[in-house]
Amino acid sequence: MKEAMTGRDSIRSILVVDCGTVMTRAMLLDRVRDGYRLVAQGETPTTWGESSTSVTGGVRHAIQQISDVTSRRFFDENGDLISPQATWQRGTDAFAATVSASEPLQLALGGLAGDLSIASARRAAAGTYAQIETLLNDSQGMPLTDEACVRAIRNAAPEVICIAGGTEGGADRPVLGLVKAATLACSMMDREARPAMLYAGNSRLRKQVAEIVGDEAELRVVENVRPTLDREYLADAQQEFKSLFVQRKLKQMPGVADLSDWSPVSVAPTAQAFGRLIQYLWHLGSPETGVLGVDVGGSNTVIAAVFDEQLRLTVDSRLGAAFGGDRLLQSKNTEVITRWLPEPLSYDETRSLLINKETHPASIPQVEDELWLEQAIAREAIRETLEVARPGWKPGSAQVYPDLMPFCDTIVISGGTLAKAPRPGQAALVILDALQPIGISTLVLDRYGLASALGSVARIKPLAAVEALDAGGLTNLGTVVAPVGEAKPGDTVLKMKVSYDNGSELEVEVRYGDLEILPLPIGQEAVLELTPRRGFDVGVGARGKGDKRRVSGGLAGLIIDARGRPLRLSHETERRREQIQKWLREVGG
Amino acid sequence: MDYATETEIKTLTKIRRERILPRQGEILVSPHDRVEATQVVARTDVPSDFRILPVARQLGVSGTEIEEYLQVDLGDTVHQGTLIAKRGRIFGRSVRSPIDGIVVARGGGRVLIEAQPSPFELHAYIPGTVLDVTDNKKVIIETSGGLVQGTWGVGGESVGVLKIITSRPHSPLRPNSVDPSCHGAILVGGVTADREVLIRAEDTEVRGIVTGGLAPALIPDVKRLPFPVIVTDGIGHTSMAGPIFDLLRANEGREASVSGFVQARWRRKRPEVIIPKPDKTPQVDEARHDKDLTIGSRVRIVRAPHAGSVGEVVNIPQYARRIETGARVRCAEVDIGQREPVDVPFVNLDVLR
């Protein structure tokens with residue numbers, strides 16, 4: 001078992017790398033005086049593909065950048081990692097790697113109409129890097145005919161066929177019909193090209209399913225994802241999807257075996273490591289509210305949500321900051337993207353920029369038009385992922401308003417487009433527009449791209465992850481107060497007194513429709529005395545209830561978002577642009 | 001020592017290409033064989049159409065009863081109209097095959113008929129020497145020649161003679177430049193923004209188009225063309241980079257192999273133009289993989305405000321600089337022929353090698 005690690009107490013330095021689809025980052029954590037700190041980092045385009053056959057090229061280069069600034073050597077004459085650390089200038093005590101650069105697992109999903117099993121299977125698949133290539137159900141949710149089913153599987157050539165359906169003790173014939181059709185499709189393929197079959201339906205049918213599939217395909221059986229109409233159970237299926245992804249995708253990537261050899265723990269999918277960190281942060285906060293993590297990567301968008309200690313991970317491999325924008329433009333109307341822009345941008349200009357970004361995914365905008373477009377794509381990437389994620393959350397008491405977000409204590413923001421936004425207020429605005437948090441939340445920015453790395457470090461040396469976090473591994477972006485309620489634009493909905501630690505005070509009246517930033521720099525705290533208007537909820541217990549709260553400052557300051565929930569953009573183009581321009585000005589964009 | 005992305009623009013280099021069958025088949029060449037670009041080097045059969053006939057349902061019998069009514073066995077060759085199953089004599093029901101094919105499965109009241117597989121032939125794509133063959137599936141061919149990597153493309157592979165139809169790298173391709181002399185040629189020009197150019201190219205039966213920029217409105221049109229289109233610099237009204245234009249112009253009249261396959265995501269497969277010169281040997285192995293960005297590197301800028309400009313790195317400042325959006329990032333100073341070098345983030349540079 002690789003997870004076992006010996007000599008953890010003696011670990012002084014940890015080298016961590018994350019191979020993303022676009023960029024590879026390396027980070028060195030070292031013991032400095034009283035704790036672990038991020039000492040240096042390197043970043044370079046990921047090397048994998050036709051001309052660069054292994055991720056290790058980029059990894060070595062990113063590590064070399066650390067060597068350049070620290071004068072510390074990490075590789076010996078044979079190119080092997082020096083571990084444990086020989087002297088403070090040679091080697092590292094531990095190494096860990098996370099990878100999101102690989103292709104997603106390609107899936108075919110089938111289930112039954114009416115029992116919600118397809119939606120549950122879809123959410124189970126979204127727990128890892130997976131892409132649904134075809135559904136074995138028609139637009140009404142009915143299973144396809146045998147011939148259409150076989151044709152769909154043959155055309156899509158998936159790596160996994162997941163069949164769900166049939167509540168416990170429920171329908172069996174349609175489920176077995178799907179299994180038969182899928183087995184037939186497998187039997188028509190070359191043996192080495194056959195997909196694995198994952199059965200996640202009515203458990204009473206397992207024996208019959210095994211008999212039908214026989215040796216035509218590799219069969220894996222997990223607990224029913226929809227045992228009853230009102231109960232969803234995803235854990236087993238998610239674990240199996242993750243295991244299939246690791247086995248069929250991640251471990252097949254050239255270079256991953258080398259990274260694995262250097263590390264005492266197995267190479268982890270980045271999303272899982274990110275989720276682990278978000279779970280850890282939940283333990284630091286109030287148990288009644290949730291903690292969210294949003295990572296907009298080059299190819300994938302990840303939302304990690306923790307409520308009642310349970311992590312719900314949603315990975316959307318359709319849209320990231322670099323890839324998928326043109327698909328979005330083609331599949332939906334242009335306005336889905338351009339509605340977030342403060343200036344006009346034609347369809348042709350939008351399409352050119354989105355395709356050229358895909359051909360140069362590491363590039364960054366140098367002019368504002370292009371910056372706004374990339375931030376618009378980030379908003380839509382988060383919104384699309386949230387659409388898949390939300391129905392699977394079990395927020396408990398944090399969910400007061402069914403159509404709005406549950407109360408979240410902390411929101412971690414990761415991924416280059418947001419973490420490296422030219423102005424911190426821009427990153428905050430993207431999150432406010434896309435997630436539309438309610439009540440009081442702390443926004444935390446993963447400026448150094450450390451979040452998933454720390455999740456990975458926690459497997460080797462939990463103390464190092466904790467101390468690196470405490471030492472500023474994550475940066476406060478600001479505290480958001482977002483009152484919920486209905487009023488006319490311009491009506492006062494919240495009175496607020498801000499008492500700063502230096503004794504000064506600030507009193508403000510917040511009007512409905514306003515987005516305001518009050519000064520509260522990073523490292524400072526203040527006490528907010530909140531008095532909402534009757535019918536408005538600021539997340540301190542009930543509508544109309546006020547309270548005092550101690551909050552932290554951040555790069556963007558104290559943000560009051562009284563624009564209403566759900567956020568309403570004007571239907572008139574010019575008016576909407578004025579809205580967006582105003583909001584950008586307010587956040588210092 | 002810093003990293004940027006790179007685009008290969010080589011006058012003479014060693015080029016290896018893997019040719020892979022979609023499934024195992026027959027390899028028709030051996031190591032050390034000389035091959036031509038259009039030569040078939042491997043072949044296989046790929047599955048074709050199929051039909052699943054719900055014979056039990058159509059005859060109104062159960063799945064277990066159907067055996068006695070079936071008129072065909074596994075492995076039987078059938079033709080369109082062949083009787084598959086029959087129940088009753090004069091006014092009974094019958095099921096006939098809708099296609100020519102073979103009975104490959106029967107059971108559960110259904111019969112599966114697969115049409116004859118279609119033959120698939122794999123061409124060499126580039127002329128050269130066979131280096132290796134493996135698993136009845138893969139052939140590796142090596143040649144020497146010029147190489148230009150594109151950024152976007154469509155339409156598979158093709159072979160033809162290079163013909164330059166614009167005088168300068170930023171000039172638009174004009175419909176009247178596409179005349180009967182273009183038949184069988186691979187057209188090269190600055191910017192493609194006129195739909196009429198594509199219509200004429202198709203009428204003239206050209207073998208491909210290599211263009212610096214392509215108007216986004218024409219993307220649906222180029223996807224329908226029967227030949228590949230290779231975009232060397234970007235979607236939009238983008239010029240062809242000077243070094244690419246010069247290289248292609250210097251090889252006008254030579255035969256080239258072009259591929260429009262692109263997969264930016266995951267595998268990053270890029271479109272390309274290969275100008276084979278199998279009788280020439282590169283002086284040095286230019287195929288060395290080296291992405292370091294250094295002073296003197298020839299680079300192309302990929303983002304506005306200087307997108308498409310080609311220049312030389314003249315300085316790599318040690319500290320991050322503020323760019324137009326307000327972001328502070330590591331930059332290189334690039335001489336693009338303006339009075340002063342311009343600051344460009346490393347990540348917005350594409351090293352031309």
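All values derive from a computational prediction rather than experimental measurement.

Draft legend 1. Spotlight on the overall build of chain A. Looking only at helices and strands, one finds 17 helices and 22 strands in chain A. For chain A, whose C-alpha radius of gyration is 25 Å, the value lies close to the compact-globule estimate of 25 Å for 589 residues. With 589 residues in all, chain A has 56% of them scored as buried. Relative to all contacts within chain A whose residues are 6 or more apart in sequence, the contacts with residues 24 or more apart total 71%.

Draft legend 2. Structural view of the overall build of chain B. Helix and strand counts for chain B come out as four helices and 30 strands. Expected size for 353 residues packed as a compact globule is a radius of gyration near 20 Å; at 28 Å, chain B overshoots this value by more than 25%. Taken along the three principal axes of its C-alpha coordinates, chain B extends 95 × 50 × 45 Å. Within chain B, buried positions represent 43% of all 353 residues. Here the analysis covers contacts within chain B between residues at least 6 apart in sequence; of these, 60% occur between residues at least 24 apart.

Draft legend 3. Just the interface of chain B and chain A, in detail. Taken together, the 39 residues of chain B in the interface contact 38 residues of chain A. Elements that contribute at least two residues to the side of chain B that touches chain A include exactly strand 7 (50-53), strand 12 (110-114) and strand 20 (229-235) of chain B. Within the side of chain B that touches chain A, the residues separate by chemical class into 19 nonpolar, nine polar and 11 charged.

Draft legend 4. Region of the structure containing unusual backbone geometry. All names here are of chain A. Of the consecutive residues Ser-83 and Pro-84, the connecting peptide bond is found in the cis state with omega at 5°. When you line up the elements, Pro-84 lands in the loop between helix 1 (56-70) and strand 4 (94-99). The omega torsion across Arg-565 and Pro-566 is -5°, close enough to zero to call that bond cis. If you trace the backbone, Pro-566 turns up in the loop between strand 22 (557-561) and helix 17 (573-586). With a phi close to 45°, Ala-157 is a non-glycine residue in the positive phi region. Here Ala-157 lies in the loop between helix 3 (146-156) and strand 7 (160-165).

Draft legend 5. Region of the structure containing the domain arrangement of chain B. Residue and element names in this part refer to chain B. When cut into domains, chain B gives domain 1 (2-15 + 143-276), domain 2 (50-114) and domain 3 (292-352). Placing the centre of domain 1 and that of domain 3 at their C-alpha centroids yields a distance of 26 Å. Residue-level contacts link 14 residues of domain 1 with 13 residues of domain 3. Taken together, the elements giving at least two residues each to the side of domain 1 that touches domain 3 come down to strand 1 (2-3), strand 2 (5-7), strand 20 and helix 4 (242-250). Of the residues forming the side of domain 1 that touches domain 3, the biggest block, three residues, is contributed by strand 2. Class assignment for the residues of the side of domain 1 that touches domain 3 results in five nonpolar, six polar and three charged.

Draft legend 6. Highlighting helix 2 (residues 117-125) of chain A. Counting buried positions along helix 2 of chain A gives eight out of nine residues, so the element sits mostly inside the fold. On its buried side, helix 2 of chain A packs onto strand 5 (105-110), strand 6 (130-135), strand 7, strand 8 (196-201), helix 6 (235-250) and helix 12 (368-389) of chain A.

Draft legend 7. Spatial organisation of helix 1 of chain A. With 15 residues, helix 1 of chain A should reach 21 Å at 1.5 Å per residue; the first-to-last C-alpha distance of 21 Å fits that figure. Following helix 1 of chain A by one or two positions, Ser-71 of chain A has its phi on the positive side, about 60°.

Draft legend 8. Seen up close, the sheet that holds strand 18 (residues 505-511) of chain A. All names here are of chain A. In spatial order, the strands read 18-17-20-21; together these four strands make up an open sheet with antiparallel pairing. Bordering the open sheet on either side are strand 18 and strand 21 (547-552), each of which pairs with just one other strand. On average, each strand axis in the sheet is inclined to that of its neighbour by 25°, with strand direction left out of account. Note: strand 20 (residues 525-532) against strand 21, six bridges, orientation antiparallel. Paired with Glu-525 across the two strands is Ser-552, which belongs to strand 21.

Analysis parameters
Residues numbered from 1 in each chain as written. Chains lettered and ligands numbered in written order. Predicted model: local features only at pLDDT ≥ 70, side-chain atom pairs only at ≥ 80, totals over all residues. Helix = DSSP H or I, 4+ residues; strand = E, 2+ residues; numbered from the N terminus. Rg over C-alpha atoms; globule rule 2.2 N^0.38 Å. Buried ≥ 20, exposed ≤ 12 C-beta atoms within 10 Å, placed from the backbone. Contact = placed C-beta atoms within 7 Å. Nonpolar A, V, L, I, M, F, W, Y, C, P; charged D, E, K, R; others polar. Domains from an automatic or database assignment. Expected span 1.5 Å × (residues − 1). Pairing = 2+ DSSP bridges. Axes fitted to C-alpha atoms, helices over the stretch in contact; angles between N-to-C directions.

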